[in-house]
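One-letter residues, chain by chain:
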Amino acid sequence: MEQEYIYRKRAVAFLDVLGFRQKLIDFEKEALANHLTHFDDANNENLNNGQYISSKANDFINTFKKAITKLDVEKYKYYLFSDNICITSIRETSTADLQDLLLVITELYFEFAQKGYFLRGGIDYGLFIDEKELAVGIPLANAYELETKVAVYPRIILSTNLVNEFQAFNNKGEKVFDYLYSDVLILDSCEIKYLNVFLQVFQSDYREDREAFFKKYNNVIVNNLEENKTKEIVYIKYKWLAEQFNDFIDLFIIKLAFLDSDFNPEDEVGFIEFVKHQKIKYGN
């Protein structure tokens with residue numbers, strides 16, 4: 001008797017690295033250059049033993065591997081191909097697991113961002129077959145389409161199916177978020193919903209870590225704006241990200257910081273001022 005495959009309700013995320021095609025070109029150029037220059041004329045030998053090595057490629061791959069360790073292997077499985085990451089839950093995905101997955105993806109985003117790489121992608125939720133050697137279902141196709149056609153900027157698009165899992169009807173018949181912080185975890189632009197990746201700052205309770213978080217994001221976004229100031233199609237994507245970061249800082253210093261039960265406004269004046277000064281100026 002042939003095996004039966006069972007559909008289960010699962011979240012499926014499809015992510016890739018913004019601008020990776022150009023990075024692949026840079027990796028290859030560096031490998032070729034190193035192959036030619038790492039040559040010991042005195043001994044007439046190639047110090048790389050004929051190998052092509054790119055430190056930039058090594059750095060990217062190591063970043064990739066470190067980021068993936070953030071995933072709980074008891075809950076999630078993933079597929080890697082080039083710069084693409086496909087993540088799905090091993091068992092049927094509960095709403096609590098959905099929220100956990102979104103928070104894990106904010107961690108992945110931050111790990112890549114610290115090295116100057118930015119993710120974009122899509123996440124869908126629905127019936128999906130996932131086995132050792134195959135993945136079949138509409139959620140994967142939808143997540144891929146969200147990444148390729150809707151994300152555009154370095155953001156993670158959330159499907160209507162997924163967002164609906166966080167919402168319920170109130171006594172007025174209005175659809176509202178039904179879980180704590182979901183209203184700031186899920187942002188919107190017109191009809192598009194996307195993940196607030198900057199909520200990663202709350203993964204640490206230490207002021208030093210939070211200061212480092214804002215400083216690192218400031219530095220890497222500013223660097224990408226500077227590097228791409230003569231490439232409009234790329235520049236506007238990082239300008240969008242800078243605007244998102246500035247908006248988050250406003251929300252953080254006005255509201256979010258004060259939701260922390262351990263936050264004492266009188267003791268944290270210096271911290272709030274520090275965060276304010278991490279806003280990005282551009283276009284001057």
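Residues numbered from 1 in each chain as written. Predicted model: local features only at pLDDT ≥ 70, side-chain atom pairs only at ≥ 80, totals over all residues. Heavy atoms only, no water.

Peer 1: I would appreciate a short explanation of the pattern of salt bridges in the present structure.
Peer 2: Side-chain pairs of opposite charge can arise whenever the charged atoms involved come near each other. Following the criterion strictly, the structure yields 10 salt bridges and no others. Between Arg120 and Asp16 there is a salt bridge, with its nearest N and O atoms 3.3 Å apart. Pair noted here: Arg120 is in strand 6 (residues 119-131) and Asp16 is in strand 1 (residues 8-17), with a separation of 104 residues, a long-range link. Given the relative accessible area of 9%, Asp16 is considered buried. The partner of Lys75 in a salt bridge is Asp100, with the nearest N and O atoms 3.5 Å apart. Highlighted residues: Lys75 in the loop between helix 2 (55-68) and strand 4 (76-81) and Asp100 in helix 3 (residues 95-114), separated in sequence by 25 residues. Since its relative accessible area comes to 26%, Asp100 is described here as partly exposed. Put simply, Asp16, Arg120 and Glu147 are held in one network by salt bridges that share partners. (Salt bridge = Lys/Arg side-chain N within 4 Å of Asp/Glu carboxyl O. Helix = DSSP H or I, 4+ residues; strand = E, 2+ residues; numbered from the N terminus. Buried < 20%, exposed > 50% of the residue type's maximum accessible area, 1.4 Å probe, protein only.)

Peer 1: Looking at this structure, how should I read the side chain of Glu147?
Peer 2: Looking at where Glu147 falls in the secondary structure, it is placed in helix 4 (residues 138-151). For Glu147, a relative accessible area of 2% corresponds to the buried category.

Peer 1: Which parts of the structure should I look at to understand the packing of helix 8 (residues 232-254) against helix 9 (residues 269-276)?
Peer 2: How two helices sit against one another is set out by the angle between their axes and by the gap between those axes. At their nearest, the axes of helix 8 and helix 9 sit 10 Å apart, and the two run at 165 degrees to each other. Put simply, helix 8 runs roughly antiparallel to helix 9. Crossing angle aside, the handedness with which helix 8 passes helix 9 is left-handed. In contact with Ile249, Phe252 and Ile253 of helix 8, helix 9 contributes Phe271, Ile272, Val275 and Lys276. Tallied by class, residues from the contact of helix 8 with helix 9 come to 6 nonpolar, no polar and 1 charged. (Axes fitted to C-alpha atoms, helices over the stretch in contact; angles between N-to-C directions. Parallel < 35°, antiparallel > 145°, perpendicular 65-115°, else oblique. Left-handed = near helix turned anticlockwise from the far one by under 90°. Contact = heavy atoms within 4.5 Å. Nonpolar A, V, L, I, M, F, W, Y, C, P; charged D, E, K, R; others polar.)

Everything listed here is a matter of geometry and, on its own, says nothing about what the molecule does.
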